[in-house]
Each structure stands twice: as structure tokens, then as C-alpha cells.
Amino acid sequence: MGHVNQCHGCLSRRQCLQYITSAAIVATAAGREVAGAAPSPRERSADFIDPASLRPTPKVRVAAALLRMPTPYWLGWPGTTFDLDKHTKHVASQIERSRRTLGIDIELAEKPIEDEAGMSALVQRVARSRPDALLVVLQHMGCWGWVERLANECGTPLLVMSPIGTSFTGHVIGISRRPGVYVVSSLEWSAVEDGLRMVRAKRMFEESRILWIHNNQRNETVLDRLGTRVRQIPRDTFNEWFAREPVSEEVKDVAADMRRHAKRIVEPTMEDTLNCARAYTTAKKLLAAEKANALSMDCLGMVGARLVPTPPCGAWTLLQDHGITAGCEADLFGATSLMLTSYLLGRPGYMNDPVAETAKNLLIAAHCTSGTRLWGFDKSPAPYIMRDHSESSLGVSMQVLWPVGEPVTLVRFSHAGEVIVDTGKLVSNVPTPPAGGCRTSVEIRMDDVEDARDVLGFHQVVTLGNHRRLVRSFCQLYGINPIHSPERAPHAEGVA
Amino acid sequence: MKRIAVALLGVIVAAALPPRSNAQAGTPIPTPGLAASHVDSEGRLVEDWGALGIRLAGDGVHMGPAGVSAGDVAPGVPGVRIVRDGGAVTLDATVFRAPVWPSGLDILTVRLASKSDRDVPVRLTVELPASARVGKRLVSLGGRAIVGLPERPAPVRELREWGHWDEAADLPGWARPEGECDPAFRNIRAGLGGVPIAYRFAVEPGGAANVFLGFCESHWRAAGQRPVVCQVEGAPLQEIDPIARWGVHKPGAVLFAARDVNGDGRLDVAVLPKPGSPDVNPILNVIWLFPPGAAPSAEAVVSGRLNAVATRVVDVGGPGDQALEAAGRLQYDLVVAKSGTELTLLVACPGATVESPSRSAWTPETLRAAAARVMADWSAVASR
């Protein structure tokens, strides 16, 4: 609950305690679904779909090896006092721990590699077994030539752990910025795990199918670089399934939970909430039937045509909190951006309509579908107020109260080969009214962007925490170009 | 070589065969719900923009009738196979629909093999609509990229005296120049998506010229939105921001003292986006080449009054503009061994545009793998 202690100024201590209590209840309820404890009435239903089953669980294979010079060492870094045996055991135990905690199959070569013949064997092993990545841990500064060779020849993403004492800045300055390579020069194994998470996230993209619900066609395509399948299905499919969806025990249970744990309920009636829960169960069934792991729907078009009695906003929040990407307005790259926060950062975000707050030079990020588990899917949720979808005054939309003072990251795939990544700090939650627009609406003071009007992109995904370096590293590993909003207002430059 | 040339004259039909209607009967290429295309009885790939055919020529090479059949062209990848007897060689081509988002691409792979132990020189012609423009890695038709070319083998480049050599797009009538100026300022080429605009001009090896690049910005009203970087061979780089220099709708030109530094008899001219600029699409309106020595004034050049004394005036993106490569002709000189040689083309299917290979990570292997993955369970869902 550390985040609660960092919440500056937005809540009173009493409010905080209330939220902690309600958050714990929600967390318990959600955890039951994920952890498979005693089934609730909703789970005993024959057609209950565990949302955890919709998240992709790819097999991730990483080959690993230690690189060193022939022993015993004498002069040269890491030095004679570097305890090789102890370090080797330490690496093996860290790899074992990562294997268990991250669910990644990491196969460490039996013996450290210390000559050219060993290197050639490693290159051949990688070519033969085609792992998802190769992890090498350096035990001598003289191994960097081999790292270069691996980067050129192994044909798979390369993760390099160089413990302090095995590199100078000159060793890493070039190769650490090279596409397909991720270099850690540190004693922090958590940084290696970041690299392993990147590999896992990429595999999750590859194993995912996005259900693209719009238009009136059915087809399937694949996204460049990410390898994600996109199954387009006619928009009416959702309306038809929704119309048939009963008010089941699960629907009642979900609706009751939503209302019980809300900080406040403003507009939605019980009927609205039941419809919201029906949209949630409908979406789960449709995802399962289509063997899909994420969706993006032409929701505004459906509401505009009055095809459904409720926009799906509240249902999308529920899906996001289970790690299932649910995107708005059939914005496909908005959905892949949500998948990035879900798969790489382990937390939801929300795609936003960006607004310039010119009086305070802030960016306002607004939409109606924010997840609540801002600190992570396995963490307590943020408080929320139950509202309607502001543009239509229909249905349920959560106004999620984001923690003021915390850093945030904005990510957006412009296309499969480019990601906009920016960061900032949360200044306030914007109430509607007096403001118009969407229900979850936060003010952000941008880092490294002089003027908030110049923030790049639309439907950027806002997620909690500063993940700029991690997202950049992911992009580098997979040949995606990361870009940032301009630091200075572009029109101010070069005016005649 | 002489005999090959004779054979070429005798066999190659200079103009591409006319496209036939999509409605014509043929062998359809299976797709996962995407718009269909087909292979006709002559073995041509028929798309919404026209037809693509393969013709072979060479000593002992001739074109037998095409055998067209449907079936798997790789494990789990349904497609169409085209087999032809080519005399001294065999032609075995396959085409399948790669489910590249958003509209797919047809992947045509042509395999040639010598029937004997003798290596056979073959000229392979890819027949395209006559107005197709062959660029570095893309063939375009009316601004649409219709064929993506592999890095290797390299096609036979039949180069004109001058022309564009890029993946940019013509946008005639885009600009609204104000004041006295050459009418060519109305037209532009644009490097959509950040691709460079590139031209080449034949000169004496090591020769020099005064090159003027003309710009007129008619979209942005504020400076700093679309600055570009101009690279003219032999001259220092220059950053140009047309709005900052001349204003909105105001034509202007910048002088470069160009020289054929590498002695290849060509002057290279390129306009690129300035790194980090908000609008990454570079534009260019006019190019003038004048003899080396004392350069005329930019004002006189912009007015068009000196066109008669220019060695070249290029109405960039206008009706007189041209590709460096001869239109509609895409040819490869191959030496075909018994073990065979292969050429893979990415072809725009209905509704699709081929993305620049420099911006795409797809390879023939990943395209096949994507097709196999999607088609594996497509039949089960297609009927829903």
C-alpha cells in the first residue's frame, strides 16, 4: 500500500482509510477469480468465463550463458578478487528465481564459455533452437568482442548483463543503443528481469488476437513487427450477443460489486449497472468464442446509432483490471498501446483525448474507460466514482481518481514501427462538471515538453509510473522507433 | 550476349498486356476474408490496378503455356502455383495472400531452374501497366505503391538522363504560390511518412552545376512545422524552413554549388525531413540546374524568367516530371543454375498499398508464417 502514503493532497486521511478498506474488498473478490480459490456463485455458473483465461500465456524460451576468460584471472577487470564461483552460483540462483516468478523457460548453458570454440557452439545452439532471446552474463571485461559477435550473428534479441567490474562506459556506449540488444551494466538483477519482461511482452503480442469490432466484415490480418493477429468482425455481432445476454447470477454479482465498492454513485441506476455487467460478460464470451485476447470496438458508432442501451465504458474498465485490453472507438493502435502497458508494465491505462490546459500549461487526459488497478493487476485498485458516459449520458463509466503527485507515462503506437513515449506528473483529477468531456480526466504536467499544446499523438495511453526508459528499451530490442514530444514549441524556432 | 539480345527482341513484348477485369474467370487466391484477386489462364496475377505477368527471354529460352493450379504453396499456406516450360529453364511460380494488416499483400515467388548442368542467362521481365514507375524498392502507379522489390537480385536499371529516384508521391496542384513565379511552384512531390525526395541528373563525370531548389509551403502557417534538410552532391547541407524564409504561399529558391564528387556522372539531389520536425513529410516544388560559374539571382530563377538558359528545369510532381527509371519496365538479368534462383515480389492486392521495405519488418519467411497461422483456423471461422 505504499502508494497510498505517497498520495499528496488529493484525499484526507479518513478518505484514504475508507479507500484502503474498499480496495481490499475488491482486491479479494478479483483475486478469487484469478487465484482459483473457492468458487463464488458466479464462478459456478456453467458459462462462467474466467477473465484470466483470456490473457495470453505464451511459452517463452530464453537461452542463457556465462561468458568469461580462461581462469585463473590476473589483473584486468573484474580482477583477481572477483569470486567467480560465487558469482556463477549467484547467477544460476537468480535465473532460477526469474524462471519461477516470470514464468519464462530460461536454459542456462552448463559451462561458462571462455573461448572461440565455445562461442561458435553457442551461436550454433541459438540458430538450432531459435529461442525467443539470448541472455549472456559477463564475467570478464575481455568478453565484449564476443558480445559484438553475438549481436551480429545470433539472429535473436540479445540481453547482456554486465555486472559492475566487467565494463567501462566505452564498452556499452555503442552496443547498448543498438537495435535488437538490451544491455544492463549494473549489479541489479531486477534490470535483467526488465529485459526478460520485454521478451515475454513481445511473445504476448505474438500470441494475442485482437477482436476488431467494427464495420461489417469478417477477416483476419497480422500486424507488422508485433505479430499480433487482428480479427475483424461485424460491429453488429456485439449488439446481437448483448441482446441475448441474460441477467445471470454473475451479472448481478458483478453489478453489485461495482456499486458496493464505488466511492460514490452519481448517475447510474441499478438497471444501468446490470447492463454494464452484461456488456462485460458479453465481451468475455465473444472473446472466448473468437479465441481472442483483446478487443477494440466502434463503441461510439454503436451508441450514436442507438444500437445498445449502454456504452461499454464500465465493462471495459472491468476487463482492463483483469489485464484484458479493451479499446475504444475501434482505434487499433490505441488498443496495441493498451496492450503494451498491460503486457510490459503489468498494469492498465486508458487511452485519452488530449486537451491543452493553456492557463496552467498542463495536459488534460480524458476518457471514460480507465482501469482502476493503476499500480498493477495484483495491487489494490484506485478509488472510483460511478458516473455515466458523459457524451451520451447513458450507462456506466468509472471516474477513476488517479493519485495526485505520482508520475505517469503516455505511450502510443503511431503504427507498428513507432511509439510515442512521454512522461509527466499528475496534478489533479478534473471534475465533470464544471468541465465537459470524459469522466476520468486528469491534469498532467509534462516532463521535457515546454508547452502542453505540443504533446504528440491522440488516444495516447496514460499509465501510472515513469516507464520511459523501459518502453524505450523495449522499442530498441524489437526495432520499433521511439519518439518524444518536442521539448520546445516547434513554431518558436527559426521564425523569420 | 548478341544472341540473347536477338532473342530479347524477338520474344519480349514491349508493352505490358492490358489488364483484365477482376470479374474474369481465373484461379482465386485464398484469403482470410480479404478482397479477392486471382491468377488468369495465362499465369498473370490480376489485381484491382491491373495485371502482373512474368516473361522470360534468352538463348534457348522460350515461354510455354502456363499451368495454373490451386493448392498449398508452403506448409499450411494455400495459394496458386503457375508452372511453365521455359525451354532451357523451368519456371515454377507461387502466389499466396499474406494477411498483412490492413488489406493484405499477394506474395509472388518466381523460381527458375536450369534443366541441364549448364548455367543459363535469362532476362526476366515483370510485365506491368505502361504507366507504372519503377523506383528503388517500389513500383508505383498513379501514386499507389503496387509492387515491392527485394533488395536482391537488383533489377536492370535502364536509367534516363534525369528523374526521381525515391518513394515519394506526386501531389500536383498542392501549392498555392502567390506573386510572380514559375507555374511549376503549384506542384510538389511529398515524402509521405518521412521518406526522402531524391533526384538524379546526368552530368559529365566530375562535372559541376548551380542547382536551385524551389519551395512553396501552402499547408503550414507557422514556421518550424516542416523544416527540411537539403542534400545536394558536392554542396554543404542546408536546412530550409520555407515559412521562416519566405512565408506561407510564398515561393522561394535556394542555391547549391553542386559537383559530382564521386565521379559517377550523376548529381544526387535529396530533400529529407529535419530530424525531430513535427511534420516529417518533406516537400519540394521545383529544381533548376544552371551551368557552373556565376549563379543567377534567386529572385530571377523563382520568376521563371531564366528557364530558357537553365540546363534543366524540373516541375517536381508536375506533368513533366519523370522517374529516373524507364516506365513500366522491370527487368532482371539472371544466371540460372540447375539449383535454381528465386525472386520474390510483394504485390498490392485490392485495396492495398505496398509499404516501403525500409519501413517494414516483413520478410518472405515471416509473411509465410503469418499466412500459415491465420489460415490454420480460418476455415473454421469463415462461415460464421
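Every value quoted in this text rests on a predicted model; they were computed, and no experiment measured them.

Caption draft 1: Focus on the confidence of the model for chain A. All names here are of chain A. Residues at a pLDDT of 70 or more form 90% of chain A, whose mean pLDDT is 91. Note that residues 1-36 has pLDDT below 50 and, in this model, 42 contacts with residues that lie over four places away or in other chains. Here residues 492-496 scores under 50 on pLDDT; set against residues more than four positions off or in separate chains, the count is seven contacts.

Caption draft 2: Structural view of the sheet that holds strand S10 (residues 133-134) of chain B. Residue and element names in this part refer to chain B. What the eight strands build is an open sheet, ordered S5-S6-S7-S8-S26-S12-S11-S10; its pairing is antiparallel. Where the open sheet ends on each side, the last strands, each with one partner, are strand S5 (66-74) and S10. Pairing between strand S8 (residues 105-114) and strand S26 (residues 341-348): eight bridges, direction antiparallel. What sits directly across from Leu105, in S26, is Ala348. Packing of helix H4 (residues 364-376) onto the sheet brings it into contact with S5, strand S6 (77-86), strand S7 (89-98), S8 and S26, and relative to S7 it is tilted by some 55°.

Caption draft 3: Expanded view of helix H14 (residues 332-345) of chain A. Residues and elements named next belong to chain A. In a regular helix each residue adds 1.5 Å, so 14 residues correspond to 20 Å; H14 covers 19 Å between its end C-alpha atoms and thus fits that length. Taking burial as the measure, the 14 residues of H14 include 14 buried ones, the bulk of the element. Capping of H14 at its N-terminal end is provided by Asp331; its side-chain oxygen lies 3.2 Å from the backbone amide nitrogen of Phe333. Of the residues flanking the end of H14, it is Gly346, one or two places downstream, whose phi is positive at about 65°.

Caption draft 4: The arrangement of the interface of chain B and chain A in detail. Counting residues at the interface gives 26 residues for chain B, matched by 27 residues for chain A. When chain B packs against chain A, close to 2,200 Å² is buried across both sides, 51% of that on carbon and sulfur atoms. At the boundary of chain B and chain A, one finds two salt bridges. The partner of Asp377(B) in a salt bridge is Arg231(A), and the shortest N-O contact between them spans 4.0 Å.

Caption draft 5: Just the sheet that holds strand S22 (residues 283-284) of chain B, in detail. Residues and elements named next belong to chain B. In space, the three strands of this open sheet follow the order S14-S15-S22, with antiparallel pairing throughout. If you trace the sheet from one side to the other, it starts and ends with strand S14 (169-171) and S22, each paired once. Sheet analysis places strand S15 (residues 188-190) next to S22, joined by two bridges and oriented antiparallel. When the bridges of S22 are listed, Arg189 appears paired with Leu284.

Caption draft 6: A look at the environment of Val228(B). All names here are of chain B. Mapped onto the elements, Val228 comes out in strand S18 (residues 228-232). On the basis of relative accessibility, which here comes to 1%, the residue Val228 falls in the buried class. Separated by 16 residues in the primary sequence, Val228 and Ala244 have C-alpha atoms spaced 12 Å apart. Filtering out sequence-adjacent residues up to four positions away, Val228 remains in contact with Phe215, Gln238, Glu239, Ile240, Val271, Leu272, Lys274, Pro282 and Ile283.

Caption draft 7: Structural context of the domain arrangement of chain B. Residues and elements named next belong to chain B. One can read the domain layout of chain B as domain 1 (2-158 + 326-382) and domain 2 (162-315). The gap between the C-alpha centroids of domain 1 and domain 2 is 36 Å. Residue-level contacts link ten residues of domain 1 with eight residues of domain 2. Carbon and sulfur atoms supply 53% of the area that domain 1 and domain 2 bury against each other, a total of about 700 Å² over both sides. It is Arg133, Lys136 and Arg359 in domain 1 that bury the most area against domain 2; as a group they hold 58% of the surface buried on that side. Linking domain 1 to domain 2 there are one salt bridge.

Caption draft 8: Just the packing of helix H5 (residues 116-129) of chain A against helix H6 (residues 144-153) of chain A, in detail. All names here are of chain A. Closest axis-to-axis distance for the H5/H6 pair is 11 Å, and the angle between their directions is 25°. When the axis of H5 is compared with that of H6, the two are roughly parallel. Crossing angle aside, the handedness with which H5 passes H6 is right-handed. The segment H5 lies against H6, with Glu116, Met119, Ser120, Leu122 and Val123 engaging Trp146, Arg149, Leu150 and Glu153. Of the residues in the contact of H5 with H6, the class split is five nonpolar, one polar and three charged.

Caption draft 9: Structural detail: the domain arrangement of chain A. Residue and element names in this part refer to chain A. Taken domain by domain, chain A comprises domain 1 (13-53 + 207-483) and domain 2 (61-204). Each of domain 1 and domain 2 has a C-alpha centre, and these two points are 37 Å apart. Taken together, the contact between domain 1 and domain 2 spans twelve residues of the former and 19 residues of the latter. Of the roughly 1,400 Å² buried between domain 1 and domain 2 on both sides combined, carbon and sulfur atoms contribute 62%. Counting every contact that joins domain 1 to domain 2 gives one salt bridge. In this structure, Glu207 engages Arg203 in a salt bridge whose closest nitrogen and oxygen atoms are separated by 3.4 Å. The interface formed by domain 1 and domain 2 contains eight residue pairs in polar contact (both at pLDDT 80 or more). Secondary structure elements with two or more residues in the side of domain 1 that touches domain 2: H14 and helix H15 (468-477). Counted by class, the side of domain 1 that touches domain 2 contains seven nonpolar, three polar and two charged residues.

Caption draft 10: Fine view of the environment of Trp146(A). Residues and elements named next belong to chain A. Tracing the chain through its elements places Trp146 in helix H6. For Trp146, a relative accessible area of 9% corresponds to the buried category. Counting along the chain gives 31 residues from Trp146 to Asp115, while the straight-line C-alpha distance between them is 9.4 Å. Those residues within four positions of Trp146 in sequence are excluded, and the remaining contacts are Leu67, Arg68, Met69, Ile113, Glu114, Asp115, Glu116 and Met119. For Trp146, the side chain forms a polar contact with the side chain of Glu116, separated by 2.9 Å.

Caption draft 11: The side chain of Thr463(A), seen in detail. For Thr463(A), the position within the fold is in strand S20 (residues 461-464). Only 3.0 Å separates the side chain of Thr463(A) from the backbone oxygen of Pro348(A), close enough to count as a polar contact.

Caption draft 12: Here's a closer look at the pairing of strand S17 (residues 407-415) of chain A. Residues and elements named next belong to chain A. Pairing analysis gives eight bridges linking S17 to strand S18 (residues 418-429), with the strands arranged antiparallel. For Arg412, the partnering residue across the bridge sits in S18 and is Ile420. Remark: two residues form the turn of the hairpin made by S17 and S18, two consecutive strands paired antiparallel. Pairing geometry for S17 and S20, over four bridges, is antiparallel. Within S20, the residue paired with Leu410 across the bridge is Val462.

Cut-offs applied
- Residues numbered from 1 in each chain as written.
- Chains lettered and ligands numbered in written order.
- Predicted model: local features only at pLDDT ≥ 70, side-chain atom pairs only at ≥ 80, totals over all residues.
- Heavy atoms only, no water.
- pLDDT = per-residue confidence, 0-100.
- Contact = heavy atoms within 4.5 Å.
- Pairing = 2+ DSSP bridges.
- Helix = DSSP H or I, 4+ residues; strand = E, 2+ residues; numbered from the N terminus.
- Axes fitted to C-alpha atoms, helices over the stretch in contact; angles between N-to-C directions.
- Expected span 1.5 Å × (residues − 1).
- Buried < 20%, exposed > 50% of the residue type's maximum accessible area, 1.4 Å probe, protein only.
- Polar contact = N/O pair within 3.5 Å; in protein donor to acceptor, adjacent residues only side chain to side chain.
- Buried area = accessible area lost by both parts, 1.4 Å probe.
- Salt bridge = Lys/Arg side-chain N within 4 Å of Asp/Glu carboxyl O.
- Domains from an automatic or database assignment.
- Parallel < 35°, antiparallel > 145°, perpendicular 65-115°, else oblique.
- Left-handed = near helix turned anticlockwise from the far one by under 90°.
- Nonpolar A, V, L, I, M, F, W, Y, C, P; charged D, E, K, R; others polar.

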